[in-house]
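Examination of the molecular architecture
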Amino acid sequence: MKKTKILITGGAGFIGSNLIKKLIETNYIVCLDNFSTGQRKNIYNFKKHKNFEIINQSVLKKISGKYDFIYNLACPASPYHYQKDPINTFKTSIIGSCNVLENAYKNNSIIFHASTSEIYGDPLKHPQDENYFGNVSTIGPRACYDEGKRAAETLFFDYKRMHSLNIKLVRIFNTYGPNMSPNDGRVISNFIVQSLKNKPITIYGSGRQTRSFCYIDDLINGIITYAKLKKNIGGPINLGNDKEYSIKEIAIIIKNLTGSKSKIVHKEKQVDDPYKRRPNLKLSKSILKWSPKIDLNQGLMNTIKYFKTIV
Ligand code: UDP
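Below or above, wherever it landed, is the structure these notes cover. Everything numeric in this text was worked out from a predicted model, so none of it was measured. (Residues numbered from 1 in each chain as written. Predicted model: local features only at pLDDT ≥ 70, side-chain atom pairs only at ≥ 80, totals over all residues. Heavy atoms only, no water.)

Applying the stated criterion to the full structure yields zero disulfides. For Cys-31, which is in no disulfide, the shortest distance to another cysteine sulfur is to Cys-75 and amounts to 16 Å. Taking the relative accessible area as the measure of exposure, Cys-31 reaches 0% and is therefore buried. Free cysteine: Cys-98, not disulfide-bonded; nearest cysteine sulfur from Cys-75 at 13 Å. Residue Cys-98 is classed as partly exposed on the basis of its relative accessible area, which comes to 28%. (Disulfide = S-S within 2.5 Å. Buried < 20%, exposed > 50% of the residue type's maximum accessible area, 1.4 Å probe, protein only.)

In structure tokens:
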């Protein structure tokens, strides 16, 4: 039987590489990445696999080839990385989406798009459901990512309305696990690396701000469940974990799990840092029959084990 040919843009990134791991045995995978934030080591083990091919290219360039299914994951995604070159981040979201959408439209491919909880900004509604329009600064340092991702959602829905393209759009909340980059500045990777090195654990601001953390295996299962859904519903659907923690709690949990001697220190609050974030998962539960299964302690233990091998 002919294998399904899948394009994964941003395939060398944290989510992309975990998705390839899950799909590679039963599909043919084309990984498109320019390695601006994706890591070569994440896809090293796939390189010799008969079902795998790499295209070293940015999504800012026209995308050739014909695919049955496209996962559009290409974009710097951690606040540190996406703010480093904000113009490139903004262009990657918008021009990158135009390029993958044109390819999907030409070949009548199904196309999945990774949007983000950042489109809710610093939310005035809590928890955030898919009908909430968000509270986003158009001019702040996070806007390159937030507004880029919002505009990308618009493009996806216009292709659906104008061309009946089969799109699958999810909003991904904070996710963690193996293959995260140790230097992308995210809270879980920072706190684990700092703890393992017995260096100060850096809380930005009071630490009372909250997030809800989803383990990567749960997220990948949610993504694949949606990819397999026959009904053409478009989305958006929130994917994440709805257990909420303050950043201070996360610091203490990670310090204890690593048995670290690190001190917990406070640094300046980040500009426009959302004060609260937790997904409303009603839609993922009813449409996909999916909800996260792995609790924070288990997920963190797996992640700490991974970081011990690389730092
Ligand atoms: N954060 C922190 N210390 C760090 C890194 C992040 O206190 O070393 C905070 C950050 O200010 C935010 C939360 O942790 O309130 C989550 O940050 P992250 O960069 O992981 O992702 P975000 O959810 O903001 O996109």
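To continue, consider the packing of helix α4 (residues 86–107) against helix α5 (residues 143–163). Interhelical geometry of α4 versus α5 gives an angle of 15° and a closest axis separation of 8 Å. The orientation of α4 relative to α5 falls into the category roughly parallel. Regarding α4 and α5, the two cross each other, and that crossing is right-handed. In contact with Pro-86, Thr-89, Phe-90, Ser-93, Ile-94, Ser-97, Cys-98, Val-100, Leu-101, Glu-102 and Tyr-105 of α4, α5 contributes Cys-144, Tyr-145, Glu-147, Gly-148, Lys-149, Ala-151, Ala-152, Leu-155, Phe-156, Tyr-159 and His-163. A breakdown of the residues in the contact of α4 with α5 according to their chemical character gives 14 nonpolar, five polar and three charged. (Axes fitted to C-alpha atoms, helices over the stretch in contact; angles between N-to-C directions. Helix = DSSP H or I, 4+ residues; strand = E, 2+ residues; numbered from the N terminus. Parallel < 35°, antiparallel > 145°, perpendicular 65-115°, else oblique. Left-handed = near helix turned anticlockwise from the far one by under 90°. Contact = heavy atoms within 4.5 Å. Nonpolar A, V, L, I, M, F, W, Y, C, P; charged D, E, K, R; others polar.)

As a further point, take the site of the ligand. If you check the shell around the ligand, you find 18 residues, and the closest are Val-187, Thr-202, Tyr-204, Arg-211 and Asp-273. Separating an oxygen atom of the ligand from a side-chain N or O atom of Asn-174 is a distance of 2.8 Å. Split by residue class, the shell around the ligand holds six nonpolar, six polar and six charged. (Near = heavy atom within 4 Å. Polar contact = N/O pair within 3.5 Å; in protein donor to acceptor, adjacent residues only side chain to side chain.)

Residues of strand β4 (residues 69–72) alternate between two faces, with Phe-69 and Tyr-71 on one and Ile-70 and Asn-72 on the opposite face, all of them buried. With four bridges joining them, strand β1 (residues 4–9) and β4 adopt parallel strand pairing. Paired with Ile-6 across the two strands is Phe-69, which belongs to β4. (Pairing = 2+ DSSP bridges.)

Glancing now at the nonpolar core. In terms of nonpolar packing, the biggest core is built from 55 residues, with Ile-8, Ile-15, Leu-19, Ile-20, Tyr-71, Phe-112 and Ile-223 touching the most fellow members. With seven residues, the top contributor of residues to this core is helix α7 (residues 216–228). Leaving out residues up to four positions away in the same chain, Ile-223 has contacts with Ile-15, Leu-19, Tyr-71, Phe-112, Ile-172 and Leu-239. Core analysis: the next-biggest nonpolar cluster, separate from the first, contains 19 residues, Val-30, Leu-32, Ala-74 and Val-100 among them. (Core = buried A, V, L, I, M, F, W, Y, C linked by side-chain atoms within 4.5 Å.)

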